[in-house]
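# Structural overview
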Number of protein chains: 4
Amino acid sequence: MARVIVDVMLKPEILDPQGQAIARALPRLGFSGVSAVRQGKRFEVELDGPADEAALEEVRKMAETLLANTVIEDFSVRVEG
Amino acid sequence: MARVIVDVMLKPEILDPQGQAIARALPRLGFSGVSAVRQGKRFEVELDGPADEAALEEVRKMAETLLANTVIEDFSVRVEG
Amino acid sequence: MARVIVDVMLKPEILDPQGQAIARALPRLGFSGVSAVRQGKRFEVELDGPADEAALEEVRKMAETLLANTVIEDFSVRVEG
Amino acid sequence: MARVIVDVMLKPEILDPQGQAIARALPRLGFSGVSAVRQGKRFEVELDGPADEAALEEVRKMAETLLANTVIEDFSVRVEG
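Procedures and definitions
- Residues numbered from 1 in each chain as written.
- Chains lettered and ligands numbered in written order.
- Predicted model: local features only at pLDDT ≥ 70, side-chain atom pairs only at ≥ 80, totals over all residues.
- Heavy atoms only, no water.
- UniProt positions renumbered as here; feature names shortened; annotations may be inferred.
- Pairing = 2+ DSSP bridges.
- Helix = DSSP H or I, 4+ residues; strand = E, 2+ residues; numbered from the N terminus.
- Least-squares fit on C-alpha atoms with pLDDT ≥ 70 in both.
- Contact = heavy atoms within 4.5 Å.
- Axes fitted to C-alpha atoms, helices over the stretch in contact; angles between N-to-C directions.
- Parallel < 35°, antiparallel > 145°, perpendicular 65-115°, else oblique.
- Left-handed = near helix turned anticlockwise from the far one by under 90°.
- Nonpolar A, V, L, I, M, F, W, Y, C, P; charged D, E, K, R; others polar.
- Buried area = accessible area lost by both parts, 1.4 Å probe.
- Salt bridge = Lys/Arg side-chain N within 4 Å of Asp/Glu carboxyl O.
- Polar contact = N/O pair within 3.5 Å; in protein donor to acceptor, adjacent residues only side chain to side chain.

Under the annotation held in an unreviewed UniProt entry, chain A carries the name Phosphoribosylformylglycinamidine synthase subunit PurS and is attributed to [Actinomadura] parvosata subsp. kistnae. UniProt's Pathway (unreviewed entry) comment on chain A is quoted here verbatim: "Purine metabolism; IMP biosynthesis via de novo pathway; 5-amino-1-(5-phospho-D-ribosyl)imidazole from N(2)-formyl-N(1)-(5-phospho-D-ribosyl)glycinamide: step 1/2."

Structure, rendered in structure tokens:
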């Protein structure tokens, strides 16, 4: 059993208005020193077996098919722990 | 300049129906070996200065105030790279 | 063929920090007159057949099972058009 | 005081993999008769004043600036009630 993390973020050239809203709201709440915030998704995928290379390749295919829209989003896959 | 990552996930006892839908859809797409999927949020926070302990403490406060709803979500803060 | 809309919002007593961030960012962008913003989800469900009472009851069950987490979210179902 | 609803959906030509996952998971849960599901966002915006034409025009500008990414998303604005 292993946990694999898939991070999905909008591609850098795609605007993230809600992330920008968070960045803009920070000074009003007393937070300074933040130049940008971007919001994405994080998936925790629990595997029945070990996170070997074959399993990670499966998760990469899952990410391409189900978790990310690769037209507008980038993803990365990594083993946790 | 540094990048801090804030991961926000529903607390383990809170149901995640859309993550479950993804897990249930996998076998129909030819993916096996996944027992559970949970979906959360990932924020990338760009700092003007270094990610020292004071800055991380600020980001933790931001997470509590703006990025996570701590009644239903847990968060973790870490420096990337 | 019919389209049914399922709106899912956090229950009123559950804090929505990202909606609040949007509300707080508005004055800095020159928008006034907004007292609150809440963010939820909207699902568009395309039916093979008509949106009769039996079909809507099915969509309500889908919403309870897959689209909303009824511990923290309320939902409403309606026919579009 | 009035409530304005902003619906934000991915443009029709942009793939929605998580909506598709929900559609694919339905038969395994005993639901039939659904051909597609798309997931978007719904914002509830509370105005201090009435939802007159000037206020709605402000909300439309807010939607373009903060609530939707008009490169990949369409939005609609309407008064509730």
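Let us look at the pairing of strand E2 (residues 34-47) of chain C. Pairing between strand E1 (residues 2-10) of chain C and E2 of chain C: 7 bridges, direction antiparallel. Within the sheet, the bridge partner assigned to Arg 3 of chain C lies in E2 of chain C and is Glu 46 of chain C. In this structure, E2 of chain C lies alongside strand E2 (residues 34-47) of chain D, joined through 13 bridges in antiparallel fashion. If you follow Phe 43 of chain C over to E2 of chain D, its bridge partner there is Gln 39 of chain D.

Another point: the relation of the copies chain B and chain A. It takes a turn of 180° to lay chain B on chain A, together with a shift of 0.0 Å along the axis; the resulting RMSD is 0.0 Å. Between the two chains, the operation in question is that of a two-fold axis. Minimal C-alpha separation from the rotation axis in chain B is found for Lys 41 of chain B, amounting to 2.2 Å. Of the interface residues in chain B, 100% have counterparts in chain A that sit at the interface too, so the contact is made through matching surfaces.

Orientation of helix H1 (residues 17-25) of chain B relative to helix H1 (residues 17-25) of chain D, taken along the N-to-C sense of each, is 65°, at an axis distance of 8 Å. On the basis of their axis angle, the class for H1 of chain B and H1 of chain D is roughly perpendicular. The element H1 of chain B and its partner H1 of chain D pack so that their crossing is left-handed. Of H1 of chain D, the residues touching H1 of chain B (which contributes Gln 18, Ala 21, Ile 22, Arg 24 and Ala 25 of chain B) are Gln 18, Ala 21, Ile 22, Arg 24 and Ala 25 of chain D. A class-by-class count of the residues in the contact of H1 of chain B with H1 of chain D yields 6 nonpolar, 2 polar and 2 charged.

With an axial shift of 0.0 Å and an RMSD of 0.0 Å, the rotation relating chain B to chain D amounts to 180°. A shared binding surface is used by both copies, with 100% of the interface residues of chain B retained as interface residues in chain D.

With that settled, consider the interface of chain B and chain A. Tallying the contact residues gives 30 residues for chain B and 30 residues for chain A. For the pair chain B and chain A, the summed buried area comes to about 2800 Å², and 64% of that belongs to carbon and sulfur atoms. When the area that chain B buries against chain A is broken down by residue, the three leading residues are Phe 31, Arg 42 and Leu 66 of chain B, summing to 21%. Salt-bridge contacts for Asp 7 of chain A lead to Arg 42 of chain B; the nearest nitrogen and oxygen are separated by 3.0 Å. Elements with a minimum of two residues in the side of chain B that touches chain A: strand E1 (2-10), strand E2 (34-47) and helix H2 (53-67) of chain B. If you tally residues by element for the side of chain B that touches chain A, the top one is E2 of chain B, at 14 residues. When grouped by side-chain class, the residues that make up the side of chain B that touches chain A number 14 nonpolar, 6 polar and 10 charged.

Take the interface of chain B and chain D next. If you look at the interface, chain B gives 9 residues, while chain D gives 9 residues. Overall, the association of chain B and chain D removes approximately 830 Å² of surface from exposure, summing both partners, and the carbon and sulfur fraction of that is 70%. Here chain B is connected to chain D by 0 salt bridges. For the pair chain B and chain D, the interface holds 2 residue pairs in polar contact (both at pLDDT 80 or more). With 5 residues, H1 of chain B is the single largest residue contributor to the side of chain B that touches chain D. Looking at the side of chain B that touches chain D residue by residue, the class counts come to 5 nonpolar, 2 polar and 2 charged.

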